[in-house]
Amino acid sequence: MTAANQFNLNFKQYLQTSRVKGVAIPAGLQELLLAVADTCSTLSHEVAQGALIGLLGSAGSGNVQGEVQQKLDIIANDLLIEGVQGCKSLAGLASEEMELPVEVHGTGDYLLLFDPLDGSSNIDVNVSIGTIFSILKKQDPSTPLQTSDFLLSGRHQVAAGYVVYGPQTTMALTLGDGVVMFTLNKVTGDFVLIKDSVEIAHSTKEFAINMSNMRHWAEPVRRYVEECLAGASGERDKDFNMRWIASMVADVHRVLSRGGIFMYPWDQREPHKPGKLRLMYEANPMSFLVEQAGGASTNGEHLIMDLVPTDLHERVSVMLGSKEEIERLQHYHSQA
Ligand code: P6P
C-alpha cells in the first residue's frame, strides 16, 4: 500500500488559498489557469483513447514549423483555444500550431502561449507526451492585441507549466515562487496537489541528449558528453546514466523529479537555425520551472529567460537542469 497523498487540495483550492511572495493570485490568472487545467483534463482522456476513437496518425497537414501535424495536435490546439474563450482577462494566445496569434478579448492582462501537444511523434508508439504553457503579463492591457505584445523575454512570465500525459497525468506549475505538482484524479477530473516544493539537486549522474547527433555538435557539448561517457575513469570521477525519451515534457519531468540535465543544443545539421526547440512556448516555460526549482537553463552563452525574442516561433539551443552541470557547460562554451 502506498502512503496516501499528504495533501488534500485540488487545483482550484490551491489557487484560491496560495500566496505568491505573500500576495494572493489575481482572480483573472486563477480563471485562466483553471481553464488550461480543465482543458488538459479533457485532453488526457482523448490521448488515452488513441486508436479507439481513430485519433492516431497524421492529420495530413503541416504546421508553421513545417512539421507534419498529428490528428491529436490539431484537436489539442482547438481544445485549448476553445477552453480559454471565457477568460475575461486573456487578451490573446499563440500556439506552435498557428503562424499568427489569436485574439481572445483583445485587451486584458494576460497572454497565453502553448505547445498544445509536445512530443506528438510519440503518440503512435504510446510514449508520454504533454502540453506546455506560458503566461505573460501584457505590458499595456488597454491596447489592441499585436504580435509584438508577445515578444517579451522569459523574465516576463507570470506563470508557466506543463501537463505530462503518462502513466499518471501530472501538471508542474510555477507562479514565480517555487514549483508545485498536481496529479489528475481521473474519477473526479480534479488535479490534486502531490508536491509543494520541487527542487532539482545541483549535481547529477544522468544526462539526456539525442546521441545520434553527436558528430554534429559544437565542441563544448561534445566535450561535456564525452566526459560523461568516460565516467569514473575520466575527468568527472563518476559514472553517468543516459536517457532520451524524445518528448521534452517527459524528459524535463524526469529532471524536475530526480535531477539531471536535458540538452537539445544547436548542431551543424541546420547551422542557420539556433536549435530545434522553440523559445517562447517550449524553452521559456521549461526554463522558468527549472530555475524556480533551483536549476539553471542556458543556450550556452546566455540564460534562456534573458533572451529577448524577435520572432514568435524562433528556435533556441537548450541545456537545462542541475545547476552544477549547466555551469560546467557554460564554462566550456566560454572557453570555445
Ligand atoms: P529528436 C518533440 O518533437 C520535440 O520537439 C521535443 O519534445 C523532443 O525533446 C525533441 O523534439 C526530440 O527531437 O530529434 O530527438 O526526435
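Anything mentioned here points back to the structure above.
Calculation notes
- Residues numbered from 1 in each chain as written.
- Predicted model: local features only at pLDDT ≥ 70, side-chain atom pairs only at ≥ 80, totals over all residues.
- Heavy atoms only, no water.
- Buried < 20%, exposed > 50% of the residue type's maximum accessible area, 1.4 Å probe, protein only.
- Helix = DSSP H or I, 4+ residues; strand = E, 2+ residues; numbered from the N terminus.
- Pairing = 2+ DSSP bridges.
- Axes fitted to C-alpha atoms, helices over the stretch in contact; angles between N-to-C directions.
- Near = heavy atom within 4 Å.
- Polar contact = N/O pair within 3.5 Å; in protein donor to acceptor, adjacent residues only side chain to side chain.
- Areas by Shrake-Rupley, 256 points an atom, 1.4 Å probe, with all protein chains shown as cover.
- Nonpolar A, V, L, I, M, F, W, Y, C, P; charged D, E, K, R; others polar.
- Salt bridge = Lys/Arg side-chain N within 4 Å of Asp/Glu carboxyl O.
- Core = buried A, V, L, I, M, F, W, Y, C linked by side-chain atoms within 4.5 Å.
- Contact = heavy atoms within 4.5 Å.

Undergrad: Explain the pairing of strand S11 (residues 179-185) here, please?
TA: Two faces, one strand: in a regular strand the side chains alternate between the faces of the sheet. The buried fraction of S11 is high, at six of seven residues. Across five bridges, the pairing between strand S10 (residues 169-174) and S11 is antiparallel. Bridge assignment links Thr174 to a residue of S11, and that residue is Val179. Hairpin connection, S10 to S11: the antiparallel pair is bridged by four residues, and Gly176 has positive phi, about 95 degrees. Of the pairings in the sheet, the one linking S11 to strand S12 (residues 190-195) comprises five bridges and is antiparallel in character. Bridge pairing in S12 links Met181 to Lys195. Here S11 folds back onto S12, and the loop between the two strands holds four residues, one of which, Gly189, carries a positive phi near 80 degrees.

Undergrad: Explain the sheet that holds strand S19 (residues 318-321) to me, please; I cannot follow it from the model alone.
TA: Two strands in a sheet stick together by hydrogen bonds in their backbones, pointing the same way (parallel) or opposite ways (antiparallel). If you walk across this open sheet you meet the five strands as S14-S13-S15-S19-S17, and the pairing is mixed. Lying at the two open borders of the sheet, with one neighbouring strand each, are strand S14 (241-243) and strand S17 (296-298). Here the strands of the sheet are splayed against their neighbours by 15 degrees on average, with no regard to which way each runs. Where strand S13 (residues 206-208) lies against S14, three bridges are found, and the strand directions are parallel.

Undergrad: I keep staring at the sheet that holds strand S8 (residues 129-137) and nothing clicks. Help me out?
TA: Pairing within the open sheet is mixed, and its eight strands lie in the order S6-S5-S7-S8-S9-S10-S11-S12. Across the chains shown, the open sheet's two edge strands, defined by having one partner strand only, are strand S6 (102-103) and S12. In terms of strand pairing, strand S9 (residues 157-165) meets S10 through six bridges, oriented antiparallel. Each bridged residue has a counterpart across the sheet, and for Gly161 the counterpart in S10 is Leu173.

Undergrad: Whenever I open this one, the site of the ligand confuses me. Can you help?
TA: All residues in the neighbourhood of the ligand are listed as Asp118, Gly119, Asn210, Trp244, Ala246, Ser247, Met248, Phe262, Tyr264, Lys276 and Leu277. Contact distances for the ligand include 2.9 Å between an oxygen atom and a side-chain N or O atom of Trp244. Calculation on the ligand without its partners gives an accessible area of 400 Å², and the protein chains cover 83% of this total. Split into classes, the residues belonging to the shell around the ligand amount to six nonpolar, three polar and two charged.

Undergrad: Could you clarify how one ought to interpret the pattern of salt bridges in this entry?
TA: In a structure, side chains of opposite charge can pair up when their charged atoms sit close to one another. Counted by the stated rule, this structure contains 16 salt bridges. Salt-bridge contacts for Asp109 lead to Lys137; the nearest nitrogen and oxygen are separated by 3.7 Å. Here Asp109 is found in the loop between S6 and strand S7 (110-118), whereas its partner Lys137 is found in strand S8, with 28 residues between them in sequence. Residue Asp109 is classed as partly exposed on the basis of its relative accessible area, which comes to 28%.

Undergrad: Mind showing me how you'd approach the nonpolar core here?
TA: In globular proteins that are soluble, nonpolar side chains generally tend to be buried together. Among the nonpolar cores identified, the biggest contains 45 residues, and Phe11, Leu32, Leu33, Val84, Leu112, Leu117 and Phe182 are the most heavily contacted of them. The greatest single-element share of this core, amounting to 10 residues, is contributed by helix H2 (residues 27-49). Leaving out residues up to four positions away in the same chain, Leu112 has contacts with Leu32, Val36, Val84, Leu90, Gly92, Leu93, Ala94, Phe133, Ser134, Ile135 and Phe150. Counting residues in hydrophobic clusters, the runner-up holds 28 residues, among them Ala172, Phe262, Leu279 and Ala293.

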